[in-house]
Amino acid sequence: MLAKRKMSVTELSEQVGITMSNISILKNGKAKAIRFSTLEKICKVLDCQPGDILEYSRGKM
């Protein structure tokens with residue numbers, strides 16, 4: 001979605017209000033969880049739906 005919106009990770013970080021390292025963790029699929037408020041902000045900035053940026057994968061629990 002970042003490429004589609006022609007937006008950098010830095011721009012997203014600034015507009016959403018979270019650190020670059022947290023954006024990287026989310027982008028690289030290493031996050032264990034995300035707050036709904038953060039997800040909402042990301043979707044608002046990228047003008048998308050959660051399903052456009054999230055992918056379900058069965059992991060170890």
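Residues numbered from 1 in each chain as written. Predicted model: local features only at pLDDT ≥ 70, side-chain atom pairs only at ≥ 80, totals over all residues. Heavy atoms only, no water.

Focus on the packing of helix α1 (residues 9-16) against helix α2 (residues 20-27)
Packed helix pairs are characterised by how far apart their axes lie and by the angle those axes make with each other. Axis separation between α1 and α2 bottoms out at 9 Å; the angle between their running directions is 115°. Judged by the angle between their axes, α1 and α2 are roughly perpendicular. The chirality of how α1 crosses α2 is right-handed. Judged by residue contacts, V9, T10, L12 and S13 of α1 engage M20, I23 and K27 from α2. Residue composition of the contact of α1 with α2, by class: 4 nonpolar, 2 polar and 1 charged. (Axes fitted to C-alpha atoms, helices over the stretch in contact; angles between N-to-C directions. Helix = DSSP H or I, 4+ residues; strand = E, 2+ residues; numbered from the N terminus. Parallel < 35°, antiparallel > 145°, perpendicular 65-115°, else oblique. Left-handed = near helix turned anticlockwise from the far one by under 90°. Contact = heavy atoms within 4.5 Å. Nonpolar A, V, L, I, M, F, W, Y, C, P; charged D, E, K, R; others polar.)

Thoughts on unusual backbone geometry
Of all residues except glycine, most have a negative phi; of all peptide bonds, most are trans. One non-glycine residue, K6, lies in the positive phi region at around 55°. Residues other than glycine seldom take positive phi values, yet D47 does so here, at roughly 50°. Looking at where D47 falls in the secondary structure, it is placed in the loop between α3 (36-46) and α4 (50-53). Given a relative accessible area of 61%, D47 falls into the exposed group. (Buried < 20%, exposed > 50% of the residue type's maximum accessible area, 1.4 Å probe, protein only.)

Keep in mind that these numbers describe shape and distance, not what the molecule does.
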